[in-house]
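Secondary and tertiary structure notes
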Amino acid sequence: MGQPSSEASNAIVYLTYGAFLILGTGIAWRMRKQSKSDFLSSNGTQSAFPLALNFIASALGAGILFSYPELATIAGVQGVVVYALASACPMLIFGALGPIIRRKCPEGFVLTEWTRQRYGTITMLYLSFLTLVTLFLYMVAELSALGQVVSTLTGLDSLPVIIVECVITTIYTSLGGFKISFLTDIIQGGMVVGLIIVATITVGVKTDIKRELIDSSHLLDSSLLGWQLLYILPVAVLTNDFFLSSFWLRTFSSKSDKDLMLGVSMAMVVILCILVLVGCTGLIAAWSGAWPSDGSQPGSLAFFLLLGQLPTWVIGVVLVMVVSLSCAAFDSLQSAMVSSASNDLFRNRLSIWYIRAMVVVMMVPVVVVALRASSILQIYLISDLLSAATIPVLCLGLSDRAYWWRGFEVVVGGLGGILTVFIFGAVYYGNAYDGGQLLLIKNGLYAKDWSTFGAFVAAPAGGFLWGFGALGLRLSFQYVKAKIRHERFDALDRPSSHLRASRTRQSRTQTYSDSGVPQQVVVSTSKAGKFF
């Protein structure tokens, strides 16, 4: 393999880190007098192009160099296209639902704040727990992927690289908060796009495709897994994006609805192109003979085996790209976790210094778990299963016609969806142990049976079944309670304007006009909604 020397590898990796440290701390120093609200969010300040670069940087990470080429070696062209579309197109959901949620919750900056106002504190804490767990798992996956990429490309020990990234991103994120993450993501997102173009051209020019391997690989054929992924991936990725506060922070930061839609649309197109290009390296590796089709090498290494046939300087370019990808994704997750925890658990009453300390403290368990994590894809899948059970029943409350839907139904539905996956697994495999293993997606995404597909059907379907069952139970209880107390049964009454007025407070906040001009107006802000 055309592997650079350890000296050259160290120089490339740590000089790139040094550049981001100088950039981040320099910006943070200029913004050192910002308020706590500016530290946590940046509502109504960003135009379309910076938003697009931020969504690009936040959506990508070092893990794409393993997962997308691996799927290409298993499900071929069909798998690459489905995976790329399923990962990129959900960006549009923020352009569609973002304006709705911002109008319902103009002073918020994360989804959990709308959840509190719509469903109450208990449901908000439930969603917050799942959100923080998801952010934690994504941070673990990102560091694990970074370590594996660096070790594979250079032979360096991954531990120092992981620790240095944590230190550098923690320094500038704890100093500047969300705004620093946003500004550095603009630069890192632009760098990644440029480096992807360079790497793509190089692969296209330097790689020789062997035509006889194209037919023998059968990667142009459709497959059962490819058809299953048409359902699994959109459900998994779309629902899981709701848990990522890094996306919601950027959604609320847009100047206007038009900027938001333009930003996510541009990001969707670029992300789709990047993921298709990265996925196609698995196909090229198979068709050039770099990845042996006999299975002697795992498909997750297809990208790196392909690099072994290219000039050494290409690996240097890829290293810079990997560090940029990882820093951009990781600092976005850091700022999102801090903003979510501050808003959900402490109602933004903590001092900014305590918030900064949170950034430092949470790094320790992330690094420890990342060093022990081996399957990056499995980490994502566990989080995807949780979101597939919870998000559909949560989003029912976005409709004003579902005014009768309460937090009790959301929590019971979400937990019931997970229980349904266990029941399905126990029935499918014939024993409870394997049913429990299905909750961890032990067989992975590429199982050669219907277990994973069934799990992602059972989660949302079970969520709705349990949710409506909870609705019936709640209404029955409230009906009996009203009869015993000789009161009118009003659980299905549509909220009237005078009742809503009695449950609101007047606050001054910023609206988002279509012209892009923020306006200070007096709006009604809902108190915590009803759980039961």
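Quick caveat: nothing in here was measured; it's all calculated off a predicted structure.

1. Section: the overall build of the protein
In terms of regular secondary structure, the protein is built from 22 helices and two strands. Scaling as 2.2 N^0.38, a compact globule of 532 residues should have a C-alpha radius of gyration of about 24 Å, and the protein matches this with 24 Å. By the burial criterion, 56% of the 532 residues in the protein qualify as buried. For the protein, long-range pairs separated by at least 24 residues make up 83% of all intrachain contacts whose partners lie at least 6 apart in sequence. Of the roughly 21500 Å² of accessible surface on the protein, 66% is carried by carbon and sulfur atoms. In the protein, 36 side chains carry a positive charge and 28 a negative one; their mean positions are 15 Å apart.

2. Digging into empty space enclosed by the protein
Inspection of the entire model under this criterion finds one cavity of 30 Å³ or more. Ala59, Tyr68, Ser87, Tyr138 and Tyr380 are, among the 28 residues lining the largest cavity, the residues nearest its centre. Secondary-structure elements contributing two or more residues to the lining of the largest cavity are helix H3 (48-59), helix H4 (64-88), helix H7 (121-154), helix H11 (224-241), helix H12 (245-252), helix H13 (257-288), helix H15 (312-346) and helix H18 (376-395). Per-element tally for the lining of the largest cavity: the top contributor is H4, with five residues.

3. What about the nonpolar core?
Counting residues in hydrophobic clusters, the biggest one holds 153 residues, and the most contacted among them are Leu60 and Leu65. With near-sequence residues (within four places) excluded, Leu65 lies in contact with Val149, Val278, Ser300, Phe303, Phe304, Met321 and Val322.

4. Observations regarding the pattern of salt bridges
Inspection of the entire model under this criterion finds six salt bridges. A salt bridge links Arg474 to Glu409; the shortest N-O distance between them is 2.8 Å. With Arg474 in helix H21 (residues 451-485) and Glu409 in helix H19 (residues 407-429), the pair connects residues that are 65 residues apart, well separated along the chain. Residue classification places Glu409 among the buried positions, given a relative accessible area of 0%. A salt bridge links Arg488 to Asp493; the nearest nitrogen and oxygen atoms lie 2.2 Å apart.

5. Notes on the state of the cysteines
One pass over the full model with this rule turns up zero disulfides. Here Cys280 is not cross-linked by a disulfide; its sulfur's nearest cysteine counterpart is in Cys273, at 11 Å. Considering cysteine sulfurs only, Cys105 is the nearest to Cys395, which forms no disulfide, with 14 Å between them. Residue classification places Cys395 among the partly exposed positions, given a relative accessible area of 22%.

6. Description of a nonpolar patch on the surface
Where nonpolar side chains cluster on the molecular surface, the patch consists of Leu159, Ile163, Val167, Ile171, Leu175 and Leu371 and spans about 440 Å² of accessible area. In this fold, Leu175 is placed in helix H8 (residues 158-176).

7. A look at the environment of Ala11
Tracing the sequence through the fold places Ala11 in helix H1 (residues 6-30). Along the chain, Ala11 and Gly397 lie 386 residues apart, while their C-alpha atoms are 52 Å from each other.

8. Re the side chain of Asp257
Within the element layout of this structure, Asp257 appears in helix H13. Overall, Asp257 belongs to the buried group, its relative accessible area being 17%. There is a polar contact of 2.8 Å between the side chain of Asp257 and the side chain of Arg102.

9. Remarks on the environment of Ser324
In this fold, Ser324 is placed in helix H15. Apart from the residues within four sequence positions on either side, Ser324 is in contact with Thr16, Phe20, Gln188, Met191 and Val192.

Conventions and cut-offs
Residues numbered from 1 in each chain as written. Predicted model: local features only at pLDDT ≥ 70, side-chain atom pairs only at ≥ 80, totals over all residues. Heavy atoms only, no water. Helix = DSSP H or I, 4+ residues; strand = E, 2+ residues; numbered from the N terminus. Rg over C-alpha atoms; globule rule 2.2 N^0.38 Å. Buried < 20%, exposed > 50% of the residue type's maximum accessible area, 1.4 Å probe, protein only. Contact = heavy atoms within 4.5 Å. Areas by Shrake-Rupley, 256 points an atom, 1.4 Å probe, with all protein chains shown as cover. Lys, Arg positive; Asp, Glu negative; His and termini not counted. Charge placed at Lys NZ, Arg CZ, Asp CG, Glu CD. 1 Å grid on protein atoms, 1.4 Å probe; cavity = no way out; pocket = protein on both sides within 12 Å on 5 of 7 lines; lining within 4 Å. Points joined across faces, edges and corners; volume = space filled by probe spheres on them. Core = buried A, V, L, I, M, F, W, Y, C linked by side-chain atoms within 4.5 Å. Salt bridge = Lys/Arg side-chain N within 4 Å of Asp/Glu carboxyl O. Disulfide = S-S within 2.5 Å. Patch = residues over 30% accessible without salt bridge, like charges linked within 9 Å, V, L, I, M, F, W, Y side chains within 5 Å. Polar contact = N/O pair within 3.5 Å; in protein donor to acceptor, adjacent residues only side chain to side chain.

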